[in-house]
Amino acid sequence: MGKLILTADDSASMRQMVSFTLKGAGYDVLEAVDGKDGLEKAKAKDVDMVITDLNMPHMDGIQMIREIRALPKYKFIPIILLTTESQDEKKMQGKAAGATGWIVKPFKPEQLLAVIKKVLK
Amino acid sequence: MDTQKNVFKEEAYELLAELETSLLELEESPDDMELIGRVFRAMHTIKGSGAMFGFDDIANFTHNVETVFDKVREGAIVVTKELIDLTLSARDHIRDLLDGSNGEGQIDREKGEALIAELKKLMPDTEPDEEILPGKAAHEPEPDSPEVTFRIRFKPSRDIFANGTNPLLLLDELREMGECAVTAYTSQLPPLETLNPEECHIFWDIVLTTRKTLNAVKDVFIFVEDDSQISIKEIFDHEANVEDMTVDKLGEILVSRGDISKEDLHRALDKQAPSKIGQILVKENKTSLSAVKSALVEQERIQKKVTQKKEQISEKSVRVPAEKLDHLIDLVGELVTVQARLSQKASIQGEADLVSIAEEVEMLTSGLRDNAMSIRMLQIGTTFSNFKRLVRDLSDDLGKKIELTTSGGETELDKTVIERLKDPLVHIIRNSIDHGIEMPEARKEAGKPETGTIHLSARHSGAYVLIRISDDGKGLDPVALRNKAEKKGIISSETELTEKEILNIIFAPGFSTAETVTDVSGRGVGMDVVKKSIDELRGSIEIESQKSKGTSITLKLPLTLAIIDGLLVTVGEGYFVLPLASVEECVELPKEEASHDRKRQILNVRGEIVPYVKLRDEYDIRTDAPALEQVVIMEANGKRTGFVVDNVIGGHQTVIKNLGSAFRDVGDISGATILGDGTVALIVDVNKIIAA
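Below is a short write-up of the structure.

Calculation criteria
- Residues numbered from 1 in each chain as written.
- Chains lettered and ligands numbered in written order.
- Predicted model: local features only at pLDDT ≥ 70, side-chain atom pairs only at ≥ 80, totals over all residues.
- Heavy atoms only, no water.
- Contact = heavy atoms within 4.5 Å.
- Buried area = accessible area lost by both parts, 1.4 Å probe.
- Salt bridge = Lys/Arg side-chain N within 4 Å of Asp/Glu carboxyl O.
- Helix = DSSP H or I, 4+ residues; strand = E, 2+ residues; numbered from the N terminus.
- Nonpolar A, V, L, I, M, F, W, Y, C, P; charged D, E, K, R; others polar.
- Pairing = 2+ DSSP bridges.
- Axes fitted to C-alpha atoms, helices over the stretch in contact; angles between N-to-C directions.
- Core = buried A, V, L, I, M, F, W, Y, C linked by side-chain atoms within 4.5 Å.
- Buried < 20%, exposed > 50% of the residue type's maximum accessible area, 1.4 Å probe, protein only.
- Phe/Tyr/Trp six-rings, centres within 6.5 Å; stacked < 30°, edge-to-face > 60°.
- Lys NZ or Arg CZ within 6 Å of the ring centre and 35° of its normal.
- Parallel < 35°, antiparallel > 145°, perpendicular 65-115°, else oblique.
- Left-handed = near helix turned anticlockwise from the far one by under 90°.
- 1 Å grid on protein atoms, 1.4 Å probe; cavity = no way out; pocket = protein on both sides within 12 Å on 5 of 7 lines; lining within 4 Å.
- Points joined across faces, edges and corners; volume = space filled by probe spheres on them.
- Polar contact = N/O pair within 3.5 Å; in protein donor to acceptor, adjacent residues only side chain to side chain.

## What to know about the interface of chain A and chain B
The interface of chain A with chain B comprises 40 residues on the first partner and 45 residues on the second. With both sides pooled, the region where chain A packs onto chain B buries about 3500 Å², and carbon together with sulfur makes up 53% of that total. Summed over the shared surface of chain A and chain B, the result is four salt bridges. Elements with a contribution of two residues or more to the side of chain A that touches chain B: helix H1 (12-24), helix H4 (88-97), strand S5 (101-104) and helix H5 (109-119) of chain A. Sort the elements by how many residues they give to the side of chain A that touches chain B and H1 of chain A lands first, with six residues. Class assignment of the residues belonging to the side of chain A that touches chain B gives a composition of 19 nonpolar, eleven polar and ten charged.

Spelled out as structure tokens, the structure:
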């Protein structure tokens, strides 16, 4: 069974792109439309990794990371933040909330896979 | 990708519709944070996804609107009707851009720019904008570069696991980059009963040989670099000259890694026999067993790389005894001579076939000559690096701190020239160390860095190579030089000398500036010997010095000793060759000068006084001079001197032949050559005549 990756993004096109790339690389994908949805799905299932957008309605990426990281079963899973900001500020906020790393948009599918390889066993 | 583009467009149209509704609602209740957030997110998504799927113009335009709404979110800008109007127009423009990408409708670029300008006016103070560029991301693949070896120490923060980081994956990533050896340090692991398994107590040393760049290696640690200790150092230059490659001793590696201090090393070295240095250091708790193991791994890797490199080179080259090469050059020289005869004969006979054969032979001969010469060429870098040890040992002996830097080591010179250059260079460098560079305290007082520098450089300049030895020491004191020279009777107190001429006194026989004869320099061999050696190589030596700034000595050496470009002249019935590189110009000897038979032979060349020598008198040729004599003006040792000859014939590729031992003591002639018709021409030793 492949690894299950949760991807949370309010943009359908981004979700589709990420999901397409991940499935192509043999991962199973769980999609969420915002932070709240993401958190609920993470609670309901056992995911191996989370890739999330930063700005989302209902609950933003930072808050979602914080809450997921606080769940005992997700203490050590890799979480990657997608951001358009190349400034350090957002990355640092993400890391403080418990993110493992980040990807700056726009990125190419192979860059996404390279980052996953870096953090997911 | 096309379906993804369509998904983006659909999404964007939806978002734009939602945006319109939100903006209209926002006009009703301008303080609704939820609405402001919705507008911002719509813009943000259009921007982010637009950039992802190649809609760069949409992404860039929307970025401006998003930036304004980011400020609204922060409360820095308030929602006004003006803002709503502008944002609605911007929304319409984004729709136009979307339509345009479908090939529908017209895109009004000016409108877009006007909108951006209006939006920027709303910003409290416009910060420099960050453009969204397609493909700009953290992991741009870099092209592969030459092989390098890095020493990496990766010390993760204790709570690295809390962020979901698995350091082992980073080590795996490094392993994929090339030849990788990892040593783990487990010495900081607490006893089992106090161990918190959620903390990381291990760190690693990695020796990585890779074709990736330093940046690519740094990128491996991009997510952890802020809270981990990471040091990456290039430790081995694979492109360096094999002779320069050294394998550091274990102790040196540990010192350079900061694992032990120099003092620790010296103390351990004193005790070394019969135990090994690593064992001593571990036993005395100076460092851990892991550190020693890790350093040994590094040493082994470097040793391996040096061996590999040497093998590679020996596979590609053939060793040939130098005598065989010398013989080849001799034969090529003969061939050049014969070829000249052939060309001459062909041009006299004027037979077209013969001329074309002669031309072809000439071309081949010159190719063969260049090729044969290049075989004898060696890089001077090897000689340079030999001096590193000399400088290190001598400066230690004298208690001075001196660093030797080099440049242009790849410059090539004839093997013989390099061999005969070694002693003069040693002498000059010894002089710099002994007399040039001051003691550390004196340097500090003079406001210079404690460590003095001696720089060795080599570069091409026409048919010559310039080798420069410069130091940042105390320089030469012209007044002191002069006094000494007068005391020694080298010059009289009346002699008028320019500063340059005073500096040149150090090349005079029997001159030494050191008050006492030291072990380092001044063993009775003066700079005059250096100058003689350089003269014998048909080179020249020049000195520049500034008091308290330093001295630099430049050696100008011919690329090769076997063949020179000469100027062929006649005096009486004899042919002579003057080295073309020193020739400045040819002028006629004025009639009134020619008739004078006086001691002072001085010529006025365009207002400059130039002394001249009549080769006819010099070589005691007893034929009558022609009505019109020529003067070849030559430059040597910074002085211009004229050589009076009968006729100037022209340039001549001169294959130098030694005169043989019977003529060893003949002054003023440095060799001979054979002309195209078999006539012998003598090569004038310009330096000797000028010095006499």
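That shown, we press on.
## Side note on the sheet that holds strand S21 (residues 680-684) of chain B
Residue and element names in this part refer to chain B. Judged by pairing direction, the sheet is mixed, and its five strands sit side by side in the order S19-S12-S13-S21-S20 without closing on themselves. Either end of the sheet is taken by a strand with one partner, and the two such strands are strand S19 (647-655) and strand S20 (669-674). Across the sheet, the mean angle from the axis of one strand to that of its neighbour is 35°, orientation sign disregarded. Two elements, S20 and S21, share five bridges in a ladder whose sense is antiparallel.

## Comments concerning the nonpolar core
Core analysis: the largest hydrophobic core is formed by 82 residues, its most contacted members being Leu22, Ile51, Ile68, Phe107 and Ile116 of chain A together with Phe69 of chain B. Each residue touching Phe69 of chain B, except ones within four places of it in the same chain, is listed here: Leu23, Leu26, Ile36, Val39, Phe40, Leu83 and Thr87 of chain B.

## Observations concerning the environment of Pro424 of chain B
Residues and elements named next belong to chain B. Within the secondary structure layout, Pro424 lies in helix H15 (residues 415-436). According to the relative accessible area criterion, Pro424 is buried, its value standing at 4%. The sequence separation of Pro424 and Val529 amounts to 105 residues, and the corresponding C-alpha distance is 7.9 Å. Not counting residues up to four positions away in its chain, the partners in contact with Pro424 are Val530, Ser533 and Ile534.

## With respect to the pairing of S21 of chain B
Every other side chain in a regular strand lies on the same face of the sheet, so the side chains alternate between the two faces. Residues and elements named next belong to chain B. Bridging between strand S13 (residues 574-579) and S21 involves three bridges; their strand directions are parallel. Bridging from a neighbouring strand, Phe576 pairs with Leu682 of S21. Two successive antiparallel strands, S20 and S21, enclose a turn made up of five residues, where Gly678 displays a positive phi of approximately 95°.

## Thoughts on the environment of Asp10 of chain A
Following the sequence through the fold, Asp10 of chain A ends up in the loop between strand S1 (4-8) and H1. Relative accessible area serves as the criterion here: at 22%, Asp10 of chain A is assigned to the partly exposed category. Taking the C-alpha atoms as reference, Asp10 of chain A lies 5.3 Å from Asp34 of chain A; in sequence the two are 24 residues apart. Residues in contact with Asp10 of chain A, not counting those within four places in the same chain, are Arg15, Val33, Asp53, Asn55, Met56 and Pro57 of chain A together with Glu11, Arg41 and Thr45 of chain B.

## Examining the sheet that holds strand S11 (residues 550-558) of chain B
Residues and elements named next belong to chain B. If you trace the five strands from one edge of the open sheet to the other, you get S6-S8-S9-S11-S10, paired in mixed fashion. Single-partner strands in this sheet number two, and they are strand S6 (402-407) and strand S10 (540-546). Between one strand axis and the next, the sheet turns through 15° on average, direction left out of account. Pairing between S10 and S11: seven bridges, direction antiparallel. Along S11, the bridge assignment pairs Ser540 with Lys556. Sheet strands in contact with helix H14 (residues 381-398) are S6, strand S8 (452-461) and strand S9 (464-471), and its direction is about 170° off that of S6. Its contacts with the sheet place helix H19 (residues 527-536) against S10 and S11, and it is angled at close to 140° to S10.

## Regarding the pattern of salt bridges
Per the counting criterion, the structure on display carries 44 salt bridges over all chains. The salt bridge partner of Asp37 of chain A is Lys41 of chain A, with a shortest N-O separation of 3.2 Å. Of this pair, Asp37 of chain A and Lys41 of chain A both sit in helix H2 (residues 35-44), four residues apart, which is roughly one turn of the helix. Asp37 of chain A sits in the buried class, given a relative accessible area of 16%. A salt bridge links Glu179 of chain B to Lys304 of chain B; its shortest N-O distance comes to 2.5 Å. Taken as a pair, Glu179 of chain B in strand S2 (residues 178-185) and Lys304 of chain B in helix H11 (residues 289-316) lie far apart in primary sequence, 125 residues in all. One salt-bridge network, in which partners are shared between bridges, spans Glu20, Arg91, Asp92, Arg95, Asp96 and Lys111 of chain B.

## Looking at helix H6 (residues 167-175) of chain B
Those residues of H6 of chain B that fall on the buried side of the exposure criterion are Pro167, Leu169, Leu170, Leu171 and Leu174 of chain B. In this fold, the buried residues of H6 of chain B make contact with H5 of chain A together with strand S1 (148-155), S2, strand S3 (203-210) and helix H7 (214-220) of chain B.

## Side note on the packing of aromatic side chains
Taken as a whole, this structure holds seven aromatic pairs over all chains when the rule is applied. An angle of 65° between the planes, with centres 4.9 Å apart, marks the rings of Trp102 of chain A and Phe223 of chain B as edge-to-face. Within this pair, whereas Trp102 of chain A is found in strand S5, its partner Phe223 of chain B is found in the loop between H7 and strand S4 (229-237), the two belonging to separate chains. Overall, the relative accessible area of 5% leaves Trp102 of chain A in the buried class. Centroid distance Phe576 of chain B to Tyr619 of chain B: 5.1 Å. Interplanar angle 5°. Geometry classified as stacked. Of this pair, Phe576 of chain B sits in strand S13 while Tyr619 of chain B sits in the loop between helix H21 (615-618) and strand S17 (630-636); the two residues are 43 residues apart in sequence, bridging distant segments of the chain. The structure contains a cluster of three or more aromatic residues connected by ring pairs, namely Phe8, Phe53 and Phe55 of chain B. Note that Lys5 of chain B overlies the ring of Phe55 of chain B, its terminal NZ or CZ placed 5.7 Å from the centroid.

## Structural notes on the packing of helix H12 (residues 322-349) of chain B against helix H13 (residues 352-375) of chain B
What describes two packed helices is the angle between their axes and the distance between those same axes. All names here are of chain B. Packing of H12 against H13 leaves a shortest axis separation of 9 Å and a crossing angle of 160°. It follows from the interaxial angle that H12 and H13 lie roughly antiparallel. In this structure, the crossing between H12 and H13 has a hand that is left-handed. Between H12, through Leu325, Leu328, Ile329, Val332, Leu335, Val336, Gln339, Leu342, Ser343, Ala346 and Gln349, and H13, the contact on the second element is made entirely by Leu354, Val355, Ala358, Val361, Glu362, Thr365, Leu368, Arg369, Ala372, Met373 and Ile375.

## Looking at empty space enclosed by the protein
Applying the stated criterion across every chain yields a total of one cavity of 30 Å³ or more. Roughly 40 Å³ of volume is contained in the largest cavity. For the largest cavity, the full set of lining residues is Lys118 and Val119 of chain A together with Thr165, Leu170, Val220, Phe221, Ile222, Phe223 and Val224 of chain B. Within the lining of the largest cavity, the residues separate by chemical class into seven nonpolar, one polar and one charged.

## Some remarks on the side chain of Asn55 of chain A
Mapped onto the fold, Asn55 of chain A is located in the loop between strand S3 (49-53) and helix H3 (61-70). One polar contact links Asn55 of chain A to His44 of chain B, side chain to side chain, over a distance of 3.1 Å. Not counting the four nearest positions on each side in its chain, Asn55 of chain A is found in contact with Asp10 of chain A together with Phe40, Arg41, His44 and Arg73 of chain B.

## A short note on the packing of H1 of chain A against helix H1 (residues 2-28) of chain B
Between H1 of chain A and H1 of chain B, the shortest axis-to-axis distance is 8 Å and the interhelical angle comes to 155°. On the basis of the axis angle, H1 of chain A is roughly antiparallel to H1 of chain B. Residues Ala12, Ser13, Met14, Gln16, Met17 and Phe20 of chain A of H1 of chain A form the contact with H1 of chain B, whose own contacting residues are Thr3, Gln4, Val7, Phe8 and Glu11 of chain B. Residues belonging to the contact of H1 of chain A with H1 of chain B are distributed by class as follows: six nonpolar, four polar and one charged.

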